[in-house]
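Below, each chain spelled out in residue letters.
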Amino acid sequence: MSRLLRGVCAVGARGVSFGPGPRCSRSFASGGWEPPGRARWADWRRRRPALVWVAGGAAAVVAGLGLARQAEMEQLQQPRRRRQPQGEAEEEDELERRCALFMAPPVSGLRELRDRRGEMRSRMELLIMETQSQVCRALAQVDPGAAFTVDRWERQEGGGGISCVLQDGDVFEKAGVNVSVVFGNLSEEAAKQMRSRGKTLKAKNGKLPFCAMGVSSVIHPKNPYVPTVHFNYRYFEIEEADGSKQWWFGGGTDLTPTYLNKEDAIHFHKTLKEACDKHNPELYPKFKKWCDDYFYIKHRGERRGIGGIFFDDLDSPSKEEVFQFVQSCAKAIVPCYIPIVKKHCHDMFTPKEKLWQQIRRGRYVEFNLVYDRGTKFGLATPGSRIESILMSLPLTARWEYMHSPPENSREAEILEVLRHPKDWVP
């Protein structure tokens, strides 16, 4: 914890306050930016301070931050742009404008993203960074006064990530939105896991070079009438012995309510269906069933939640078409969930209802640690960041011996749906 908090900035709506310890490499206020000597973007990346965003006055702070980063990057790039054709300079302007709105500089860095701007690796990294930023800002608007810790980390074997975690807010007990961009050689255990899903992977000298990137989030609210949400969108590339590459996308978004609200379930599924239908009307029913099947807690005989969409190993019809589909799904995250949060975050609840929430969270933990592919892949990958992998676990959960809710209760109602999934939209 002490390592994480070194150089923490507390950013408020009206100005800046610094806690004990070294000053941050940047200081922000709602009115503008004060440059720290000759510190530059790359230097800020190297120092990797943990940055805390305070949601109070979030819009002003975010605006100031975006303008500050954009102004700094434009100043740094000006001499080089004079020697470039107009089209290339405009593309770089657009890249820098996008990156200026992220929660932190991209994992790969501007130069690397620029050099391989047409490659899917770069396009996917920009999408997941953008998704992280949009979701974090939406959560901050709902939970005024809450603080996101923005923690940049590096993986010794290659790559790194950015973890944005909020704890003990007024609305959210724990909310994490993580980005990871990693590369290196696939571990034997991870390769075995992929081969068990039908992947034919041909190693060269026992090595399988890979790159993997994704955005992953689990949001646990305090109020039992606000459901937990999870989403994950990812991209894999693996280079085989002959130099050819296998690629695929995976991901999904799913909802886990403590108590069933049919209007909320319909809104959530309808929003995801609309995102899928833009590409193919057959996608939603296929991926909805996949989600119900995937999030099945076999030893309990029930699903983790009321589903959503889930897909994996998606490599057709084409790389571009799958990417566009993933992009639509990512854009649907905020509209499918945030209206539900706003609707219920101030609902009254009893200690008994809070207790039921804790018991359901215990089921959430069981699935994530026993069955979840992403958790298992992360734990099997050398150099993975355990704190980010286990970010999905709630702060609190409960296990009661032989607990069974009364018949015809609201607790029994949600259990019926978890045992027998429903179709929420036609």
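Caption draft 1: Spatial organisation of helix α6 (residues 120-142). Taking 1.5 Å of rise per residue, the 23 residues of α6 would be expected to cover 33 Å, and the 33 Å separating its terminal C-alpha atoms lies within 8% of that figure. For α6, the tally of buried residues reaches 18 of 23 residues, placing the bulk of the element in the interior.

Caption draft 2: Quick peek at the packing of α6 against helix α11 (residues 333-344). Relative to each other, α6 and α11 sit at 10°, their axes nearing to 11 Å. The angle between the axes of α6 and α11 places the two elements in the roughly parallel class. In this structure, α6 meets α11 at a crossing whose hand is right-handed. Contact with α6, carried on its side by T131, Q134, V135, A138, L139 and V142, involves I333, V334, I338, V341 and K342 of α11 and no other residues of that element. Tallied by class, the residues present in the contact of α6 with α11 amount to 8 nonpolar, 2 polar and 1 charged.

Caption draft 3: Quick peek at the environment of M348. Along the chain, M348 falls in the loop between α11 and α12 (351-370). Expressed as a C-alpha distance, the spacing of M348 and N223, which sit 125 residues apart in the sequence, is 8.2 Å. Setting aside its immediate chain neighbours within four residues, M348 contacts Y225 and E353.

Caption draft 4: Examining empty space enclosed by the protein more closely. All chains considered together, the criterion is met by 8 cavities of 30 Å³ or more. In this structure, the largest cavity spans a volume of roughly 830 Å³. Along the walls of the largest cavity sit 44 residues, with S180, S216, N232, G374 and T375 positioned nearest its centre. With 6 residues, strand β9 (residues 209-221) is the single largest residue contributor to the lining of the largest cavity. Residues that form the lining of the largest cavity fall into these classes: 18 nonpolar, 18 polar and 8 charged. Around the second largest cavity sit P221, V226, P227, T228, T256, P257, T258, Q357, R360, R361 and Y364, which together line it. No other element matches the 4 residues that α12 contributes to the lining of the second largest cavity. Tallied by class, residues from the lining of the second largest cavity come to 5 nonpolar, 4 polar and 2 charged.

Caption draft 5: Representation of the environment of K342 within the structure. Examined against the element boundaries, K342 turns out to sit in helix α11. When the C-alpha atoms of K342 and D143 are compared, they prove to be 9.7 Å apart, with 199 residues separating the residues in sequence.

Caption draft 6: Spatial organisation of unusual backbone geometry. The peptide bond linking S316 to P317 adopts the cis configuration, its omega dihedral lying at 10°. Within the secondary structure, P317 sits in the loop between β14 (307-314) and α10 (319-331). Of note in the backbone geometry, D313 takes a positive phi value of approximately 55° without being a glycine. Looking at where D313 falls in the secondary structure, it is placed in strand β14. Even without glycine at this site, M402 takes up a positive phi of about 55°.

Caption draft 7: Molecular detail of the nonpolar core. Within the largest apolar cluster, 80 residues are counted, with the highest numbers of intra-cluster contacts made by F172 and Y337. Considering every element that reaches this core, the biggest residue donor is α6, with 11 residues. Apart from the residues lying within four places of it in its own chain, the contact partners of F172 are L139, V142, D143, L166, I219, H220, P221, K222, Y337 and V341. Among the nonpolar cores identified, the runner-up in size contains 13 residues, and V182, L186, L201 and I238 belong to it.

Caption draft 8: Looking closely at the packing of aromatic side chains. Evaluation of the coordinates by the stated rule reveals 17 aromatic pairs. With a centroid separation of 4.7 Å and an interplanar angle of 45°, the aromatic rings of Y235 and F249 are classed as tilted. With Y235 in strand β10 (residues 228-239) and F249 in strand β11 (residues 245-256), this residue pair connects regions lying 14 residues apart in the sequence. Taken as a pair, Y235 and F249 share a single burial class, namely buried. Ring geometry for F287 and F325: centres 5.8 Å apart, planes at 45°, overall tilted. With a gap of 38 residues between them, F287 in helix α9 (residues 283-294) and F325 in helix α10 connect regions that are remote in the sequence. An aromatic cluster of three or more residues is present, and its members are Y233, F287, W290, Y294, F295, F310, F311, F325, F367 and Y371.

Caption draft 9: The arrangement of the side chain of S133 in detail. When you line up the elements, S133 lands in helix α6. The buried category is assigned to S133, whose relative accessible area is 6%. In this structure, S133 is in contact with L101, F102 and M103, ignoring residues within four places of it in sequence.

Caption draft 10: Summary view of the pattern of salt bridges. What the rule picks out here adds up to 23 salt bridges. The salt bridge partner of R97 is E94, with a shortest N-O separation of 3.4 Å. Remark: E94 and R97 occur in helix α4 (residues 86-100); sequence separation between them is 3 residues, near one turn of the helix. The class of E94 is partly exposed, set by a relative accessible area of 39%. For K343, the salt bridge identified is with D264, shortest N-O distance 3.1 Å. Separated by 79 residues along the polypeptide, K343 in helix α11 and D264 in helix α8 (residues 262-277) bring together distant segments of the chain. Accessibility expressed as a relative area gives 38% for K343, which makes it partly exposed. Three or more residues are tied together by salt bridges with common partners; here these are E173, K354 and R361.

Cut-offs and rules
- Residues numbered from 1 in each chain as written.
- Predicted model: local features only at pLDDT ≥ 70, side-chain atom pairs only at ≥ 80, totals over all residues.
- Heavy atoms only, no water.
- Helix = DSSP H or I, 4+ residues; strand = E, 2+ residues; numbered from the N terminus.
- Expected span 1.5 Å × (residues − 1).
- Buried < 20%, exposed > 50% of the residue type's maximum accessible area, 1.4 Å probe, protein only.
- Axes fitted to C-alpha atoms, helices over the stretch in contact; angles between N-to-C directions.
- Parallel < 35°, antiparallel > 145°, perpendicular 65-115°, else oblique.
- Left-handed = near helix turned anticlockwise from the far one by under 90°.
- Contact = heavy atoms within 4.5 Å.
- Nonpolar A, V, L, I, M, F, W, Y, C, P; charged D, E, K, R; others polar.
- 1 Å grid on protein atoms, 1.4 Å probe; cavity = no way out; pocket = protein on both sides within 12 Å on 5 of 7 lines; lining within 4 Å.
- Points joined across faces, edges and corners; volume = space filled by probe spheres on them.
- Core = buried A, V, L, I, M, F, W, Y, C linked by side-chain atoms within 4.5 Å.
- Phe/Tyr/Trp six-rings, centres within 6.5 Å; stacked < 30°, edge-to-face > 60°.
- Salt bridge = Lys/Arg side-chain N within 4 Å of Asp/Glu carboxyl O.

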